[in-house]
Amino acid sequence: MSIKDRTLKLCSCNKTIALDAQALASALKTGTPLPIHTELCRKEAGQFQAALGEESLLVGCTQEAPLFGELAEAAGSKAELRFVNIREMAGWSAEGRQATPKIAALLAAAALPEPEPVPNVEYKSGGQVLIIGPSIAALEWAGRLAGVLTPNVLITSGMGGELPAERSFPVWSGKPLRVSGWLGAFEVEWLQENPIDLDVCTRCNKCIDVCPENAIDFSYQIDLGKCKAHRQCVAACGEIGAVDFSRAERARKESFDLVLDLSKEPLLRMPDLPQGYFAPRTDPLAQALAAAKLAQLVGEFEKPRFFAYREKICAHARSGIEGCNRCLEVCSTGAIRADGDHVKVEPHLCAGCGGCASVCPSGAMTYAYPRVPDIGMRLKALLSTYREAGGADACLVFHDTESGRRQVQAVGRKAVRGGKGLPARAIPFEVFHVASIGLDTLLGAICYGASQVVVVSTKESEHYAAALREQMALGEVILNALGFEGSHFFLFDGNALEKELWALKPAMGVSKTATFNLSPEKRTTLDFELDHLAVNAPRKIEEIKLPAGAPFGALAVNKQTCTLCKACIGACPEGALLDAADAPRLRFIERNCVQCGLCAETCPEDAIELVPRLLFGPQAKQAVTLNEAEPFHCVRCGKPFGTRRMVDSMLGKLGGHSMFAGDGALRRLQMCGDCRVVDMMENRSEATIFDFKK
């Protein structure tokens, strides 16, 4: 459904936003001037209610979205409601009167169809929570949570607390070793270190009564610093067997739905913790907030499956030789692990940042929430509407749906008393997580007409800052080499966003915007973008030198050492290295190469070197010959089956070996595979394994 088919309800918010009805109608091609309200959420609410019979309503306000939703529900309306923020994002600004192109762009993008749904990942939690920590804190929280959850306690230090009078929940003690899993499926391993096993102890108090050093209190744990090894507690425990100073079986493992880790140093320290695991440390307020969240995690839940993975083109490894590890290095949740020649992603641990897709050079890992084509469609609509409405030098401001959104809105909200809000050319663009903004999205924005791209950095995205800067730096090298002057890509801290945006000077963009759509195939998208930039570049060049690690480049082959064994061809996952049917020849298509290094690592002669660069023109997509050699012909049938250099090398290395003594065996090495078998069957004079008795 286009914006023409949607009913627009725009409000100037008590005349604090300069809305030009005629200009907006012209920019959005609605035909007639748009009605502008001043108090749509108050005195003019009736006009909103009167429009609820329409099929679709687009409201230029997000602050009162809950109110408008309630009005629609009370009226029994089936209208599709959408909301877009034109106040903080555009109207509240020192350049509010010049923001009409931006407002039109925001409305046009908000009217686009929703992205196609993606598969979901399901969680089931019965409320079994393990509380790990010192006895005093762990037991206290177990008692408080007992009404809403099913608590279990693992005491890490026992002295000073008392076990409850009733055995209403399991209590263990020991040293935690490992926590793995996710909401509804955690596994916790620990070592039983204290001589008293709380799972066996009956709490009869005999050990406390007989201990001469008072080393045992009502936590039923022995303070080994006080204990003098009289072992009277062992005798008092008797056949119960809870006290054992020489216990052999110490390893323990149990499964839980949730984990509350009260340790000073959490067992999991990754940037993004798995859902269902909370580590508030010793902060009472943080502990209370974690407990409140835990209470809500009982039942069945689902989230989008944020990624798609095609192992066929994954450049992680081949035949046990490692190549690309970028997705493993950038993942903040530990959801990605090596799995033979490929990688494996645990969807329950994936937090949906999209960082793996951004750094993946081949496109084997792609982001699915939303997909790159969906982002491209929004970019295209946003920037084309902005441009057609008279806007210039568009600066896209990517931000996430939580912290980033709040920080961008805060800039607009403070456009009073010295605040300036967002510049009229700064257009906010919301994504689930900014780590999903890779080179394909950055260059795509420039191709669609953006002058610059800013990514808002928050505490949640700190882990990805280095990867984002690397993507931006590569894009900047390409644009500057092509003659697009100025700085195009920035990563700004949200706390200094207003100052940084107003200080930006527009950079040079393309004179002709792209018409293509972004493809689900990352390398296809990059091909479109690079070709478009090259055609419209101020400077015509054939080659750009790139920094090491760039996903584009050539291969330098040492022809003196290369034997054309073609092991590199089998190792290449991208089809960049090719064979030739008519002769011993190694061919190469440069645009297919992702510089993963598998060919260089596989080469037995160390004859291959990576050359990071970006080549333009037809030659980048055509197969070129890196090395060729004189073929060796079978000495029996004359068929070519290898290179003369390879056969000579093999003869030189194996000629002195006892297994190849005699002319017959060496001559067989100079035969093709078929003739070799025939010769072995015909030559009955040679010894076989059947000639040797046991």
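Our subject is the structure listed above.
Description of the structure in this document. Here the residue numbering is sequential within each chain, running from 1 through the sequence in written order. Where totals are concerned, whole chains, interfaces and linings use all residues; where local detail is concerned, this predicted model gives features only for residues with pLDDT of at least 70, and gives and counts side-chain atom pairs only at 80 or more. Only hydrogens and water are set aside; all other atoms, that is, all heavy atoms of the structure, feed into the side-chain values.

### As for the overall build of the protein
No. 1: The secondary structure listing takes helices from DSSP runs of H or I that are at least 4 residues long and strands from runs of E that are at least 2 residues long, numbered from the N terminus. Tallying secondary structure elements over the protein gives 22 helices and 32 strands in all.
No. 2: Against the globule reference of 26 Å for 694 residues, the protein gives a C-alpha radius of gyration of 34 Å, more extended than a compact globule.
No. 3: Each principal axis of the C-alpha distribution contributes one length, and for the protein these read about 105 × 90 × 45 Å.
No. 4: Throughout this description, buried means an accessible area under 20% of the type-specific maximum (1.4 Å probe, protein chains only), exposed means over 50%, and partly exposed covers the range between. Of all 694 residues assigned to the protein, the portion counted as buried reaches 51%.
No. 5: Contact definition: two residues touch when any of their heavy atoms are within 4.5 Å. Look at the contacts in the protein between residues 6 or more apart in sequence, and 69% of them connect residues 24 or more apart.
No. 6: Every accessible area reported is derived by Shrake-Rupley at a probe size of 1.4 Å, with residue values counting cover from the shown protein chains alone. As displayed, the protein offers around 33300 Å² of accessible surface, 51% of which is attributable to carbon and sulfur atoms. Atoms counted for the radius of gyration: C-alpha only. Globule rule: 2.2 Å times the number of residues to the power 0.38.

### Quick look at the sheet that holds strand β25 (residues 543-545)
No. 1: In short, DSSP must find at least two bridges between two strands for them to pair. Read across the sheet, three strands follow the order β25-β29-β26 without closing on themselves; strand pairing throughout is antiparallel. Two strands in the sheet have a free side with no partner beyond their single neighbour: β25 and β26 (553-557). Across this sheet, the average inter-strand angle for adjacent strands is 45 degrees, counted without regard to direction.
No. 2: Pairing geometry for β25 and strand β29 (residues 608-615), over three bridges, is antiparallel. If you follow K545 over to β29, its bridge partner there is R613. Helix axes are fitted to C-alpha atoms over the stretch in contact, other axes to C-alpha atoms as well, and angles between N-to-C directions run from 0 to 180 degrees.

### Considerations on a negative patch on the surface
No. 1: Patch definition: residues with relative accessible area over 30% and no salt bridge; like charges joined within 9 Å; nonpolar side chains (Val, Leu, Ile, Met, Phe, Trp, Tyr) joined within 5 Å. Criterion for a salt bridge: a side-chain nitrogen of Lys or Arg within 4 Å of a carboxyl oxygen of Asp or Glu. As used throughout, the charge tally considers Lys and Arg to be positive and Asp and Glu to be negative, leaving His and the chain termini uncounted. By convention, charge coordinates are those of NZ in Lys, CZ in Arg, CG in Asp, or CD in Glu. Side chains of E402, E460, E462, D493 and E500 sit close together on the surface and give a patch of like negative charge.
No. 2: By secondary structure assignment, the location of E500 is in helix α16 (residues 497-503).

### Thoughts on the packing of aromatic side chains
A ring pair, where both rings are aromatic, is described by two values, the distance of the centres and the angle of the planes.
No. 1: When the centres of two rings from Phe, Tyr and Trp lie within 6.5 Å, Trp using its six-membered ring, the rings pair. Their planes under 30 degrees apart give stacked, over 60 give edge-to-face, and anything left gives tilted. This structure, assessed with the given rule, holds 13 aromatic pairs.
No. 2: Ring centres of W172 and F256 lie 6.0 Å apart, and the angle between their planes is 70 degrees; this geometry places the pair in the edge-to-face category. Pair noted here: W172 is in strand β8 (residues 171-173) and F256 is in strand β11 (residues 251-256), with a separation of 84 residues, a long-range link.
No. 3: By relative accessible area, which is 10% here, W172 ends up buried.
No. 4: Taking relative accessible area as the criterion, F256 reaches 4% and is therefore assigned buried.
No. 5: Taking 6.1 Å as the distance between ring centres and 40 degrees as the angle between the ring planes, the aromatic pair formed by Y448 and F516 counts as tilted. A residue pair is termed long-range when its members are at least 10 positions apart, and Y448 in the loop between α14 (439-447) and β23 (452-457) and F516 in the loop between α16 and α17 (522-535) qualify at 68 residues.
No. 6: Grouping aromatic residues by their ring pairs yields a cluster made of F48, F68 and F83.
No. 7: By the criterion adopted, a ring carries a charge over it if an Arg CZ or a Lys NZ lies within 6 Å of its centre and within 35 degrees of its normal. Between the NZ or CZ atom of R231 and the centre of the ring of F245, over which it lies, the distance is 3.6 Å.
No. 8: The side chain of K420 reaches across the aromatic face of W502, ending 4.0 Å from its centre.

### Comments concerning the pattern of salt bridges
No. 1: Taken as a whole, this structure holds 27 salt bridges when the rule is applied.
No. 2: R591 is the partner of D527 in a salt bridge, and the nearest nitrogen-oxygen pair spans 3.0 Å. Of this pair, D527 sits in helix α17 while R591 sits in the loop between β28 (585-589) and α19 (598-602); the two residues are 64 residues apart in sequence, bridging distant segments of the chain.
No. 3: Residue class for D527 comes out buried when judged on its relative accessible area of 19%.

### Some words on helix α9 (residues 284-295)
No. 1: Its twelve residues give α9 an end-to-end C-alpha distance of 17 Å, which sits within 8% of 16 Å, the value for a rise of 1.5 Å per residue.
No. 2: Every buried residue of α9 is accounted for by Q287, A290, A291 and L294. What you see down the axis of α9 is that its buried residues fit within an arc of 100 degrees, all on one side. Away from its buried face by more than 90 degrees, α9 exposes L285 and L289.
No. 3: Where α9 is buried, its residues contact β6 (128-133), α6 (135-145), β12 (258-261) and β13 (277-278). Working rule for helices: expected span equals 1.5 Å times residues minus one. The arc in question is the one traced by the directions running from the helix axis out to the C-beta atoms.

### With respect to the sheet that holds β23
No. 1: The four strands lie next to each other as β22-β21-β23-β24, forming an open sheet whose pairing is parallel. If you trace the sheet from one side to the other, it starts and ends with β22 (426-430) and β24 (489-493), each paired once. Neighbour-to-neighbour, the strand axes of this sheet turn through a mean angle of 25 degrees, independent of strand direction.

### Side note on the side chain of S403
No. 1: Relative to the assigned elements, S403 resides in helix α13 (residues 403-413).
No. 2: We classify S403 as buried; its relative accessible area is 12%.
No. 3: A polar contact is formed between the side chain of S403 and the side chain of R406, at a distance of 3.2 Å.
No. 4: Under the rule applied, a polar contact is a pair of N or O atoms within 3.5 Å (in protein, one hydrogen donor and one hydrogen acceptor; residues adjacent in sequence only if both atoms are side-chain atoms). At a separation of 3.0 Å, a polar atom in the side chain of S403 contacts the side chain of E460.
No. 5: Ignoring anything within four residues of it in the chain, the contact list for S403 reads T458 and E460.

### Structural notes on unusual backbone geometry
No. 1: For the bond from Y369 to P370, the omega torsion is -10 degrees, close enough to zero to count as cis.
No. 2: Mapped onto the secondary structure, P370 falls in the loop between β20 (365-367) and α12 (372-388).
No. 3: With a phi angle near 65 degrees, R231 is a residue other than glycine that sits in the positive phi range.

### What to know about the packing of α12 against α14
No. 1: Across the interface, α12 lies against α14 with an axial gap of 10 Å and an inter-helix angle of 20 degrees. By the criterion of interaxial angle, the relationship of α12 to α14 is roughly parallel. When you trace α12 past α14, the crossing you get is right-handed. Facing V372, I375, L379 and L383 of α12, the residues of α14 in contact are D440, T441 and A445.
No. 2: The nonpolar class holds Ala, Val, Leu, Ile, Met, Phe, Trp, Tyr, Cys and Pro. Asp, Glu, Lys and Arg form the charged class, and all remaining residues, Gly among them, are polar. Broken down by class, the residue content of the contact of α12 with α14 amounts to five nonpolar, one polar and one charged. Oblique is the label for every angle not falling under 35 degrees (roughly parallel), over 145 degrees (roughly antiparallel), or within 65 to 115 degrees (roughly perpendicular). Crossing handedness follows the turn of the near helix against the far one: under a right angle anticlockwise gives a left-handed crossing, and clockwise gives a right-handed one.

### Notes on the pairing of strand β18 (residues 336-339)
If a strand is regular, its side chains alternate between the two faces of the sheet.
No. 1: Two strands pair when backbone bridges link them, and β18 and strand β19 (residues 342-345) are joined in this way by four bridges, in the antiparallel orientation. Of the residues in β19, the one forming a bridge with D339 is H342.
No. 2: Two successive antiparallel strands, β18 and β19, enclose a turn made up of two residues, where G340 displays a positive phi of approximately 70 degrees.

### Things to note about the packing of helix α1 (residues 21-28) against helix α5 (residues 100-110)
No. 1: Two numbers describe how α1 lies on α5: the axes approach to 10 Å, and their chain directions differ by 50 degrees. If you check the angle between α1 and α5, you find them oblique. Classified by chirality, the crossing of α5 by α1 is right-handed. In this structure, α1 uses A23, L24, A27 and L28 to contact α5, whose residues at the interface are T100, I103, A104, L107 and A108.

### Section: the pairing of β23
No. 1: Extensive coverage of β23 is indicated by the burial of six of its six residues.
No. 2: Both faces of β23 are covered, namely the face carrying Q452, V454 and V456 and the face carrying V453, V455 and S457.
No. 3: Note: β23 against β24, five bridges, orientation parallel. Its bridge partner lying in β24, S457 is registered against D493.

### A few points about α17
No. 1: For α17, with 14 residues, the first-to-last C-alpha span of 20 Å sits near the 20 Å given by 1.5 Å per residue.
No. 2: With ten of 14 residues buried, α17 lies mostly within the body of the structure.
No. 3: Every buried residue of α17 is listed here: K522, R523, T525, L526, D527, E529, L530, H532, L533 and A534.
No. 4: Summarising the contacts, the buried residues of α17 are in contact with α11 (355-359), α14, α15 (465-481) and β29.

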